[in-house]
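# Working through the structure, step by step
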Amino acid sequence: MFLTLPSILEKWPCQWSSGASGRRASPSFNAGEAVTALELLQRERECGSITTFSSQLDHALKGGLPVGKVTEICGAPGVGKTHLCLQLSVDIQIPRSFGGLEAQVIFMDTEGSFVLQRVVDIAAAVVRHFSLLAVDGEQKDTMQTFNMESILSNIFLVRCHDYVELQAELLLLPDFLRDKPRVRLLVIDSVAFPFRQHLDDLSQRTRLLQGLAQQVISMATRHNIAVVITNQMTTRLQDSQSHLVPALGEIWGHASTTRIILQWEGSQQVAAIVKSPCCIDTAIQYQITSEGFRDANQPEITLTNRR
Amino acid sequence: MEVCCAACSLLTSKQWRTLSHLTSKKLLRNVPFPTSLDKLLDSGLYTGEVTELSGGPGSGKSQVCFGVAVHVSHQLKQRVIYIDTTGGLTASRLLEMLQSETSDRDEQMEALQRIHVFRLFDAYSLRDRLSTLRSGGLLQASGGGSVKAVIVDSVSAVISPLLGGKQNEGMSLMIQAALALKTMAKDFGVAVLVTNHVTRGGRGEVQPGLGASWSHIPRSRILLERTDRAPSGCSSTLRSATLIKSSRQPCLIKEELDLQWWSRSERRSSGKRKRDEADS
């Protein structure tokens, strides 16, 4: 088959290779093409967002954590970062008949903070909540398949012990995502822990982190998944006063599109959104109950329809 | 902008006109910023030049880029090429900004269609895309319309992982991308806006990233900072913009910027205006 020069010049290398191997190129995103902002708007509306089960935080984030973007959750130890990640891992699986995304999640655990019993408690509370909400036939049917076993089987857990393993897993992730197209959430808990130990050269650490950030952002966009990364806090001295700031330096601060800082204010837990493309800086109160991440002063079981 | 006397300004503009007559290009067409950044940049972004915005995380660089894109596509009715390397471009925010400019839905959709977005996440794709745009791909990418602004948000996200250490490709990629941007600006008469991160200098002062080699590329450089000292929590939407390099204005002049300017339709009834609404 003869090809003319203009038709060859228009093609990109990945189009040639996908033709040769017989595999279809990824339909969702082609790096070479321009999209107009209008098409992006339509795609964003189709993607949806992940509810956090805290209505104030969902309202502040305009619906929940956005799919297709990177969100960073920072906080001191014990403030509830892992709890929020576990809550999101269960919330992403909410069936479509209840307005959820009905998707799977990959949980990369670097600290060993994934506790199965907590996931069971959170999942049980979510199943109970929706079984009380089911009104029509379709919703009642989906509740047959939305139970503890299905929730736990849709969470893929990866345990990384250092930054080399974390980077290796991220490099292998695109193939995994191609085989499992239902995955819509990637949680990395936490990114600070492996990078703060055994890495003495700070400039190398910054370069590795920037490379990781770009990898993660490109995966979020190409495969249309939400990425949630947790970070620790460190103390910075400024004008002889010390402040708690997110760890890993200022350059890491550019990696995420949205940044939420969880902190204690007196006896109240507060989530502050300090960086977001579409919401101004706000702070909302939350609490961690036996059922998971909830609004502050919310009773244990609510009957409000979340749709 | 103050001039020393009317005669001086007349002389200067006559010289510019003679020069532009010779080169048959208008040098003084500019893209006005609809905020107090106009004062810093001497009435706006200039076509034919590269302008840089640097700042820490959450300082408002992407918001300013969105504002410029919306302004060019809606008020000036020209096309915009937006190269996003951080994944931060949110079309719903562009729509919100457009809704504060006009309530006509058709106009909003038309303006959104004039913004063409490329999403690239590594330095090689950026360099290739810029080279393609420079060698005639600008018209093709914008679907035949005339492009007035090219925005790259951000250059440092893809280039700084390759700088430093034992790698030597980073510097050459940076200069190739920079050259493509500058020639594109000059040849096509577009205003180029790029964003950059910040680092801390030897004495702890904040300075733009990418080093001394990059600092020669942009003609004007603005540093954005949060005005309050609290590093977290519900801070205000005020930012301070400092001009650190310019060929037209004295350096180190500061202006305050309110990021809520682009949501002003929600605030019209509150009466808490901080800046005059500049007509474009």
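Residues numbered from 1 in each chain as written. Chains lettered and ligands numbered in written order. Predicted model: local features only at pLDDT ≥ 70, side-chain atom pairs only at ≥ 80, totals over all residues. Heavy atoms only, no water.

Here is the rule we go by: UniProt positions are given in the numbering used here, feature names are shortened, and annotations may be inferred rather than shown by experiment.
Chain A is annotated in an unreviewed UniProt entry as DNA repair protein RAD51 homolog 3 from Oryzias latipes. Turning to chain A, the UniProt record has this under Sequence similarities (unreviewed entry): "Belongs to the RecA family. RAD51 subfamily."

### Here we look at the packing of aromatic side chains
All names here are of chain A. Quick note on the threshold: Each aromatic pair joins two rings of Phe, Tyr and Trp (for Trp, the six-membered one) with centres within 6.5 Å, and gets the label stacked for planes under 30 degrees apart, edge-to-face for over 60, and tilted for any other angle. Using a 1.4 Å probe on the protein chains alone, a residue whose accessible area is under 20% of its type maximum counts as buried, one over 50% counts as exposed, and one in between counts as partly exposed.
The final tally for this structure, using the stated rule, is 8 aromatic pairs over all chains. Both rings, one in Y286 and one in F293, keep their centres 4.8 Å apart while their planes meet at 20°; by these two values the pair is stacked. Since its relative accessible area comes to 0%, Y286 is described here as buried. Classification of F293 as buried rests on a relative accessible area of 0%.

### Some points on the side chain of K69 of chain A
The test is simple: Helix numbering and strand numbering both begin at the N terminus, where a helix is a DSSP run of H or I of at least 4 residues and a strand a DSSP run of E of at least 2. Counted as positive: Lys and Arg. Counted as negative: Asp and Glu. His and the chain ends are not counted at all. The term salt bridge refers to a pairing of a side-chain nitrogen on Lys or Arg with a carboxyl oxygen on Asp or Glu at a separation within 4 Å. Think of a polar contact as two N or O atoms within 3.5 Å of one another; within protein, one of them needs to be a possible hydrogen donor and the other a possible acceptor, and neighboring residues in sequence only count if both atoms come from side chains. Working rule for contacts: check all heavy atoms of both residues, and any pair within 4.5 Å makes them a contact.
Checked against the element boundaries, K69 of chain A lands in the loop between β3 (65–66) and β4 (70–75). No salt bridge is formed by the buried K69 of chain A; the nearest opposite charge belongs to E44 of chain A, separated by 4.3 Å. Here the side chain of K69 of chain A touches G87 of chain B through a polar contact of 3.4 Å, landing on its backbone oxygen. With residues near it in sequence (within four places) discarded, K69 of chain A still touches E44, A220, I225, A226, V227 and T257 of chain A together with G87, L89 and T90 of chain B.

### A closer look at the UniProt feature "domain: RecA family profile" (unreviewed entry) in chain A
Per the UniProt annotation, the sites labelled "domain: RecA family profile" (unreviewed entry) are residues 46–233 of chain A. From the first C-alpha to the last, residues 46–233 of chain A spans 35 Å; its make-up is 51% helix and 19% strand.

### So, the nonpolar core
Residues and elements named next belong to chain A. Note the cut-off: Nine residue types can take part in a nonpolar core, namely buried Ala, Val, Leu, Ile, Met, Phe, Trp, Tyr and Cys, and a core is a set of them joined through side-chain atoms within 4.5 Å.
Judged by nonpolar contacts, the single largest core of 46 residues is most densely connected at I50, F130, L185 and V228. If one sorts the elements of this core by residue count, helix α6 (residues 116–133) sits on top with 7 residues. The residues contacting V228, other than those within four sequence positions of it, are L65, T71, I73, C85, L88, L185, L186, V187 and I188.

### A word on unusual backbone geometry
Glycine aside, a negative phi is what most residues show, and trans is what most peptide bonds show. With an omega of -10°, the peptide bond between D189 of chain A and S190 of chain A qualifies as cis. Summarising the element assignment, S190 of chain A is placed in the loop between β7 (183–189) and α10 (192–196). In this model, D153 of chain B is joined to S154 of chain B through a cis peptide bond whose omega is -5°. The topology assignment puts S154 of chain B in the loop between β6 (147–153) and α7 (155–159). Of note, the phi angle at F53 of chain A is positive, near 70°, even though the residue is not glycine. Of note, F53 of chain A is situated in the loop between β2 (49–50) and α4 (55–60). One non-glycine residue, L248 of chain A, lies in the positive phi region at around 75°. Structurally, the position occupied by L248 of chain A is in the loop between β10 (241–246) and α12 (249–252).

### Some words on the interface of chain A and chain B
To be explicit about the condition: Using a 1.4 Å probe, buried area is obtained as the accessible area two parts lose upon being combined, added over both of them. Residue polarity follows a fixed list, in which Ala, Val, Leu, Ile, Met, Phe, Trp, Tyr, Cys and Pro are nonpolar, Asp, Glu, Lys and Arg are charged, and the others, Gly among them, are polar. Strands are treated as partners if at least two bridges between them are detected by DSSP.
With 47 residues of chain A at the contact, the number on the chain B side is 56 residues. Roughly 4100 Å² of surface becomes buried between chain A and chain B when both sides are summed, with 56% attributable to carbon and sulfur atoms. Taken together, the connections running from chain A to chain B amount to 3 salt bridges. When the shortest N-O distance is used, the salt bridge between K62 of chain A and E96 of chain B registers 3.2 Å. In this assembly, chain A and chain B are joined by 17 residue pairs in polar contact (both at pLDDT 80 or more). Elements represented by at least two residues in the side of chain A that touches chain B include exactly β1 (35–36), α3 (37–47), α11 (202–222), β9 (233–238), β10, α12, β11 (258–265) and β12 (268–275) of chain A. By residue number, the principal contributor to the side of chain A that touches chain B is α11 of chain A, which donates 8 residues. Looking at side-chain class alone, the side of chain A that touches chain B contains 20 nonpolar, 14 polar and 13 charged residues. Summarising the sheet, β1 of chain A and strand β5 (residues 115–119) of chain B pair through 2 bridges and their orientation is antiparallel. In the strand pairing of β5 of chain B, T36 of chain A is matched with H116 of chain B.

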